[in-house]
Amino acid sequence: MTLIVDTLKPDAAPLAPRASEEERTSLVGLDREGLADVLRQAGVAEKQIRMRVGQLWNWVYLRGATDIGEMTNVSRDLRERLAEVASLSEPEIVSEQISVDGTRKWLFRFPSRGAGRPVEVETVYIPEEGRGTLCVSSQVGCTLNCTFCHTGTQKLVRNLTAGEILQQILAARARLGDLPGRAPQDDAIVPSEGRLVSNIVMMGMGEPLYNFDAVKQALLIASDGEGVGLSKRRITLSTSGVVPMIPRTGEEIGVMLAISLHAVRDDVRDVLVPLNKRYPIAELLDACRAYPGLSNARRITFEYVMLKGVNDSPSDARELVRLLKGIPAKINLIPFNPWPGSDYECSDWDTIETFADVVNHAGYASPIRTPRGRDIFAACGQLKSASEKERASARRAAEKAAAEAV
Ligand code: SAH
Ligand code: SF4
């Protein structure tokens, strides 16, 4: 696709609409039909709808426009009518941290919806040779309480909307200079070739399959050939094992699947991933076997967090290999990332290597995932919204003060 990037014309001024934010529809998150509806509301004639939808799609999902006033190939009159019924917002960047290894973590704040309060979510960018992966959140908090996961200690505040999921991608691309016509910032550590955000993993806060509709809408938009334009093979959805939603993920979204397995026996997995009591390992693996489109080139990733003395013995490794027989699979061994107050320890390096040897021997290549961004608390399973952390530390301080007072 050839890209022609207009330099902004002088009349690209922000528009000040009369309707309040609440009354207007946010454009980010809408599919083509949704955009067509908004255009009809703005009075666009039916014969122009297709062309106008194409323009909006391009501004919102390719160029990452953050104001309707920027849309300079749309007449000023239509921009004004659009701004009456629709809005184009971006999240507030509460913080941006950059690790010594180039990993970046943002805390994004989204405005309140209805009676709710504003929410904050974390999004992480991991640059590697030839690729840049964005780790995106699907919920604020999580309803599942996996015992080794920091997010699991935070109650579910709410599901993110499709727009908020996409806004994490668009805002990260904007900060990295990964939008057409914008250069990377001087301080960005980025891959030396290819797109800066070349891969997306739904491995941030939350369980994506408990927010299926919004995640589906966001990923179908992100993988559309025009716009963000990432192939479905470069998008991975990670689930703790919501078995009934796995077939729909394959059929309706069609992205790569990752399963947080973490144990080979139900009694151990029941503790680590309590959802296992509802959907035990055998059922989970049956759903994996039936996942559409699997082949040696299109495998399911099994994530396995290495917990000292819990799930890391050579016999666990052999059982893992046995269980996965017949499923086109990749295994990712994740050294446990500790967080304050966690009950677990990471397995010793020798133990991880012995485990990896068994897995390698069975034909699975280089499975140990290097922890990234530990210094900025951005590694797997460490994400938790800052407001929650602050509330928890305020609570601890209050408890300490109360204890000292007696
Ligand atoms: N809820 C989804 C996706 C988010 S978690 C899921 O559970 O799959 C992303 C990955 O990080 C999961 O594999 C999760 O099990 C893992 N993880 C959670 N806490 C971790 C920790 N403290 N150390 C290492 N990995 C962790
Ligand atoms: Fe939720 Fe995934 Fe953490 Fe489990 S590992 S508590 S499902 S975010």
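Provided above is the structure to which this section pertains.
Worth saying up front: this structure is predicted, and the values here are computed from it rather than measured. (Residues numbered from 1 in each chain as written. Chains lettered and ligands numbered in written order. Predicted model: local features only at pLDDT ≥ 70, side-chain atom pairs only at ≥ 80, totals over all residues. Heavy atoms only, no water.)

A. Main features of the packing of helix α9 (residues 314–323) against helix α10 (residues 349–361). Where α9 meets α10, the axes come as close as 9 Å, and the angle between the chain directions of the two elements is 25°. Here α9 is positioned roughly parallel relative to α10, judged by the angle of their axes. Crossing angle aside, the handedness with which α9 passes α10 is right-handed. Between α9 and α10, the contacting residues are Pro 314, Asp 316, Ala 317, Arg 318, Leu 320 and Val 321 on the first element and Thr 354, Phe 355, Val 358 and Val 359 on the second. The residue inventory of the contact of α9 with α10, partitioned by class, reads seven nonpolar, one polar and two charged. (Axes fitted to C-alpha atoms, helices over the stretch in contact; angles between N-to-C directions. Helix = DSSP H or I, 4+ residues; strand = E, 2+ residues; numbered from the N terminus. Parallel < 35°, antiparallel > 145°, perpendicular 65-115°, else oblique. Left-handed = near helix turned anticlockwise from the far one by under 90°. Contact = heavy atoms within 4.5 Å. Nonpolar A, V, L, I, M, F, W, Y, C, P; charged D, E, K, R; others polar.)

B. A look at the site of ligand 1. If you check the shell around ligand 1, you find 21 residues, and the closest are Gly 206, Ser 238, Ser 260, His 262 and Asn 337. The side chain of Ser 238 places a nitrogen or oxygen atom 2.7 Å from an oxygen atom of ligand 1. Here ligand 1 loses 96% of its free accessible area of 530 Å² to cover by the protein chains. Going through the elements one at a time, β10 (235–239), β12 (300–306) and β13 (329–335) are the ones with two or more residues in the shell around ligand 1. In terms of residue class, the shell around ligand 1 is built from 10 nonpolar, nine polar and two charged. (Near = heavy atom within 4 Å. Polar contact = N/O pair within 3.5 Å; in protein donor to acceptor, adjacent residues only side chain to side chain. Areas by Shrake-Rupley, 256 points an atom, 1.4 Å probe, with all protein chains shown as cover.)

C. A look at the sheet that holds strand β9 (residues 199–202). The strand order β3-β4-β5-β6-β9-β10-β11-β12-β13 describes an open sheet built from nine strands, whose pairing is mixed. Single-partner strands in this sheet number two, and they are β3 (92–98) and β13. Within this sheet the neighbouring strands show an average axis-to-axis angle of 20°, counted without direction. Taken together, the three bridges between strand β6 (residues 131–135) and β9 define a ladder with parallel strand orientation. (Pairing = 2+ DSSP bridges.)

D. Quick peek at helix α3 (residues 76–85). Buried within α3 we find Leu 78, Arg 79, Leu 82, Ala 83 and Val 85. Each buried residue of α3 lies within a common arc of 165° when the element is viewed along its axis, so the set occupies one face. Contact partners of the buried residues in α3: β1 (25–26), α1 (32–41), α2 (49–62) and β2 (86–87). (Buried < 20%, exposed > 50% of the residue type's maximum accessible area, 1.4 Å probe, protein only. Arc of directions from axis to C-beta.)

E. Expanded view of the packing of helix α5 (residues 212–222) against helix α6 (residues 246–253). Axis separation between α5 and α6 bottoms out at 11 Å; the angle between their running directions is 30°. The orientation of α5 relative to α6 falls into the category roughly parallel. Handedness of the crossing formed by α5 with α6: right-handed. Facing Phe 212, Asp 213, Lys 216, Leu 219 and Leu 220 of α5, the residues of α6 in contact are Arg 248, Thr 249, Glu 252 and Ile 253. The class makeup of the residues in the contact of α5 with α6 is four nonpolar, one polar and four charged.

F. View of helix α4 (residues 162–176). Relative to the 21 Å expected for 15 residues at 1.5 Å per residue, α4 spans 22 Å between its end C-alpha atoms, a close match to the ideal helical length. Counting buried positions over the 15 residues of α4 gives 13, a clear majority of the element. Gly 177 sits one or two positions beyond α4 and adopts a positive phi of about 75°. (Expected span 1.5 Å × (residues − 1).)

G. Geometry of the pairing of β9. Neither face of β9 is open: one carries Asn 199 and Val 201, the other Ile 200 and Met 202, and all of them are buried. Relative to β10, β9 runs parallel, the two being bridged by three bridges. Note on β10: the bridge partner recorded for Met 202 is Leu 237.

H. Main features of the pattern of salt bridges. In this structure the tally under the stated criterion is 23 salt bridges. For the salt bridge of Lys 308 with Asp 348, the shortest nitrogen-to-oxygen distance reads 3.3 Å. One end of the pair, Lys 308, is in the loop between β12 and α9; the other, Asp 348, is in the loop between β13 and α10, and 40 residues separate them in sequence. Judged by its relative accessible area of 39%, Asp 348 is partly exposed. (Salt bridge = Lys/Arg side-chain N within 4 Å of Asp/Glu carboxyl O.)

I. Quick look at the packing of aromatic side chains. Scanning the entire structure with this criterion turns up four aromatic pairs. Ring centres 6.0 Å apart and planes at 10° place the aromatic pair Trp 106 and Phe 108 in the stacked group. Neither Trp 106 nor Phe 108 differs from the other in exposure class; each is buried. For the ring pair Phe 336 and Tyr 344, a centre distance of 6.3 Å and an interplane angle of 75° mean the geometry is edge-to-face. The pair formed by Phe 336 and Tyr 344 is uniform in burial state, with each residue classed as buried. (Phe/Tyr/Trp six-rings, centres within 6.5 Å; stacked < 30°, edge-to-face > 60°.)

J. Here's a closer look at unusual backbone geometry. Even without being glycine, His 262 reaches a positive phi, approximately 65°. Structurally, the position occupied by His 262 is in the loop between β11 (256–260) and α7 (266–272).

K. Broad picture of the pairing of β12. Counted residue by residue, β12 has seven buried out of seven residues, so it is predominantly covered. In β12, alternate side chains face the same way, and those of Ile 300, Phe 302, Tyr 304 and Met 306 on one face and Thr 301, Glu 303 and Val 305 on the other are all buried. The sheet contact formed by β11 and β12 spans three bridges and is parallel. Considered in β12, the bridge of Ser 260 is made with Glu 303. Summarising the sheet, β12 and β13 pair through seven bridges and their orientation is parallel. For Ile 300, the partnering residue across the bridge sits in β13 and is Ala 329.

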